[in-house]
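A structural walkthrough
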Amino acid sequence: MIHQNGKYVAYWNKKSDMKVTLRKWALLGTIQRPSDYESFFLFSLSFRCFHFLRFRSKNEIFVSYNNPSLYILTPIVCRKYVEILKAKHYNNMIGVTTSIILDTRTMKKDGTFAVKLRLTYNREQKYYPINIHLTSEDWKKTLSSKPRQEFKEHRLYFNKIEERAVDIIKNLQPFSFEGFEKKFDQRPDRSKDVFSYFNAYIQLLNNEKRIGTAASYQCAHNSFKKYIVSKNRKKLHFEDVTPELLINYEKWMVEEDNSSSTSGIYARCLRTMYNMAIENGVIARDFYPFGKRKYKIPGSRNVKKALALPEIEKLIKYKPVNEAEERARDFYIFSYLCNGANIKDIAKLQFKNISSSSITFIREKTKRATKQNSKPVIAMMLPEIKNIINKWGVNTSSSNDYIFQIINDSDDDLKQFKKIQQATKTINKYMKRIGEKLGISTKLTTYTARHSFATVLKRSGASTEFISESLGHADIHTTENYLDSFENNQRLEFQKQLLNFNSVHHQDRERLDRSLLLHHRENCKGS
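What you see is a predicted model; the values in this text were computed from it and never measured.

**Topic: the nonpolar core**
In this structure, Val 115, Phe 158, Phe 175, Phe 180, Phe 238 and Tyr 274 are the most contacted members of the largest nonpolar core, which totals 61 residues. Top contributing element to this core by residue count: helix 9 (residues 260–279), with 8 residues. When near neighbours in sequence (up to four residues on either side) are disregarded, Phe 238 contacts Lys 192, Asp 193, Val 194, Tyr 197, Met 273, Tyr 274, Ala 277, Val 282 and Ile 283. By size, the runner-up hydrophobic cluster in this structure holds 47 residues, among which are Leu 337, Leu 349, Ile 388 and Ile 407.

Listed below in structure tokens is the structure:
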């Protein structure tokens, strides 16, 4: 190290036989004082695993590792790896070294060898299998400068194993193999892969008659299976689920014309499987790939649309051309008037749920709520609601009969699920046609009926708390997702006042101030 013009300049040892090109250097940090360089130089001497190069024009340290498998590390990962090297240096000080090796002493029938973690202490070596077997050729591919696909994932997994071993050793005082084995005995179980967990959970959901949820997890399973097959692989182990794999999966989903919202839904299903595997001891929490500075699940929030009152009026006054349109329109209006009840809730309505003054039911979606009691939804019996019940409801004397006979008591859970799906699809099909005829730009679906209910109430001056209770939400923040912003014409009127210096009367100005204040308070509640 040479001091020049107030700066400390470190030069690469030209006598080294290793040829290093500029692209193989990775930025680690900056030299602010001699101790910064001295600490790095200490590791260099201790391990002889990297050399430093200091440019005179920049206050930067570059590092190159003798191990070519580390050339692809990004600067951020390099900084993390320096922490591992620091721990390794500490371990060396107490006489413990770690390394991941291919144990070629015993070959399996398929020509593979076990990959193991090797610990050396007081000239004694012990080997710990990490449940991966590779051929000599695959081992070389894993250690190559640019490994691809599963070889790259293997190497990331090896780094995590060694990092965990180093952390355990650092906290063992004094060190002993027995103490290490007790701490390290949480190795990933590769006999249980992600898809086996998916299948078991889907079966559990079906047994619990949660057919819709099971269908969602089945879609997630199929999507990840298709992705893995596209990579010429058959299994997906939990330790293979890395932030990099998830990022690549998200890109693949986009290439397959799927939205980020869909990939986010499937990633959440995978996260559930991962959490279950951690609870069952299949994978250590150290490998958890989700969260801050790891993989963040897309939180894309689709722009939700709601109809304005004039558009609702158009629907009510619309003259259907056939019975199918009339039925679809009536169920849409019924959903809108009954606090945005979805088609499953409407299909499950029984005569015991209605009285002369109201309709009371618990949303199917929240019946399994465990953290809080499910809140009943209460909709007042408006004349329009009563007319729809009289038109499409069945005549019966039993209070347990379903009102609209979308489903029957004789239907099993799967058949009910399919019937409700078909009913929803049919309603959306005809509502789309009606919307186009009426010139309504918003795509009419059963979901917009629910969103319109909440938004119209908000624009009418109803409190967010009342809307939340009406929707059957346990969390008021959930309600905020349904509430639409003020219409553009209202925004425009507010915006115009910014330059309207003289023409606004005092009384109008006070009314405007109150409106803006209420709007601000409503927005603050959701933040």
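**Description of a nonpolar patch on the surface**
On the surface, Ile 378, Met 380 and Leu 382 cluster together into a nonpolar patch covering about 280 Å² of accessible area. Looking at the secondary structure, you find Ile 378 in strand 10 (residues 376–380). Overall, the relative accessible area of 48% leaves Ile 378 in the partly exposed class.

**A look at unusual backbone geometry**
Backbone geometry places Asn 232, a non-glycine residue, at a positive phi of 60°. Turning to its location among the elements, Asn 232 is positioned in the loop between helix 7 (211–230) and helix 8 (243–255). Phi at Asn 339 takes a positive value of approximately 60°, unusual for a residue other than glycine. Tracing the chain through its elements places Asn 339 in the loop between helix 11 (323–337) and helix 12 (343–347). For Asn 339, a relative accessible area of 6% gives the class buried.

**Observations concerning the side chain of Thr 446**
Of note, Thr 446 is situated in helix 15 (residues 446–459). If sequence neighbours within four positions are ignored, Thr 446 has contacts with Ser 335, Ile 343, Thr 424, Ile 427 and Asn 428.

**With respect to the packing of aromatic side chains**
Scanning the entire structure with this criterion turns up 21 aromatic pairs. Here the aromatic rings of Tyr 274 and Tyr 288 are separated by 5.7 Å at their centres, their planes lie at 75°, and the arrangement is edge-to-face. One end of the pair, Tyr 274, is in helix 9; the other, Tyr 288, is in the loop between helix 9 and helix 10 (309–317), and 14 residues separate them in sequence. Each member of the pair Tyr 274 and Tyr 288 is classed as buried. By way of ring pairs, the aromatic residues Tyr 197, Phe 238, Tyr 274, Tyr 288, Phe 290 and Tyr 295 are connected into one cluster. Of note, Arg 105 hangs over the ring of Tyr 127, and the distance from its end group to the ring centre comes to 4.3 Å.

**Things to note about the pattern of salt bridges**
Counted under the stated rule, the structure contains 16 salt bridges. Across the salt bridge formed by Asp 413 and Lys 209, the nearest N and O atoms sit 4.0 Å from each other. Of this pair, Asp 413 sits in helix 14 (residues 413–438) while Lys 209 sits in the loop between helix 6 (194–207) and helix 7, placing them 204 residues apart in sequence. Accessibility expressed as a relative area gives 29% for Asp 413, which makes it partly exposed. On the basis of relative accessibility, which here comes to 57%, the residue Lys 209 falls in the exposed class.

**Observations concerning the state of the cysteines**
Across all of its chains, the model carries 0 disulfides by this definition. Just so you know, Cys 219 is unpaired, no disulfide at all, and the nearest cysteine sulfur is the one on Cys 269, 8.8 Å from it. Assessed through its relative accessible area of 6%, Cys 269 is described here as buried.

**A few points about the sheet that holds strand 7 (residues 113–121)**
Strand order in this open sheet of 3 strands is 6-7-8, and the pairing throughout is antiparallel. Every interior strand has two partners, whereas the edge strands, strand 6 (96–103) and strand 8 (124–134), have only one. Across the sheet, the mean angle from the axis of one strand to that of its neighbour is 20°, orientation sign disregarded. By the bridge criterion, 8 bridges tie strand 6 to strand 7 in an arrangement that is antiparallel. Bridging across to strand 7, Thr 97 finds its partner in Thr 120. Along the sheet, helix 5 (residues 177–184) contacts strand 7 and strand 8; its crossing angle with strand 8, the most-contacted strand, is approximately 20°.

**Focus: the packing of helix 4 (residues 150–170) against helix 5**
Between helix 4 and helix 5, the least distance of the axes is 10 Å, while the angle of their chain directions is 130°. Taken together, the axis directions place helix 4 and helix 5 in an arrangement best described as oblique. Considering how the two elements wind past one another, helix 4 and helix 5 form a crossing that is right-handed. Counting all contacts with helix 4, which are made through Ile 161, Arg 164, Ala 165, Ile 168 and Ile 169, the residues of helix 5 involved are Phe 180, Lys 183 and Phe 184.

**Some thoughts on the side chain of Asp 330**
Mapped onto the secondary structure, Asp 330 falls in helix 11. Given a relative accessible area of 5%, Asp 330 falls into the buried group. A polar contact is formed between the side chain of Asp 330 and the side chain of Arg 329, at a distance of 2.9 Å. When sequence neighbours within four positions are dropped, the list of residues in contact with Asp 330 reads Ile 388, Lys 391 and Trp 392.

**Things to note about helix 13 (residues 383–392)**
For helix 13, the full list of buried residues reads Ile 385, Ile 388, Ile 389 and Trp 392. Looking down the long axis of helix 13, one finds its buried residues gathered within 100° of arc, a one-sided arrangement. Of the residues in helix 13, the exposed ones pointing more than 90 degrees away from the buried face are Pro 383, Asn 387 and Asn 390. Each element contacted by the buried residues of helix 13 is listed here: helix 11, strand 9 (358–362) and strand 10.

Rules of the game
Residues numbered from 1 in each chain as written. Predicted model: local features only at pLDDT ≥ 70, side-chain atom pairs only at ≥ 80, totals over all residues. Heavy atoms only, no water. Core = buried A, V, L, I, M, F, W, Y, C linked by side-chain atoms within 4.5 Å. Buried < 20%, exposed > 50% of the residue type's maximum accessible area, 1.4 Å probe, protein only. Helix = DSSP H or I, 4+ residues; strand = E, 2+ residues; numbered from the N terminus. Contact = heavy atoms within 4.5 Å. Patch = residues over 30% accessible without salt bridge, like charges linked within 9 Å, V, L, I, M, F, W, Y side chains within 5 Å. Areas by Shrake-Rupley, 256 points an atom, 1.4 Å probe, with all protein chains shown as cover. Salt bridge = Lys/Arg side-chain N within 4 Å of Asp/Glu carboxyl O. Phe/Tyr/Trp six-rings, centres within 6.5 Å; stacked < 30°, edge-to-face > 60°. Lys NZ or Arg CZ within 6 Å of the ring centre and 35° of its normal. Disulfide = S-S within 2.5 Å. Pairing = 2+ DSSP bridges. Axes fitted to C-alpha atoms, helices over the stretch in contact; angles between N-to-C directions. Parallel < 35°, antiparallel > 145°, perpendicular 65-115°, else oblique. Left-handed = near helix turned anticlockwise from the far one by under 90°. Polar contact = N/O pair within 3.5 Å; in protein donor to acceptor, adjacent residues only side chain to side chain. Arc of directions from axis to C-beta.

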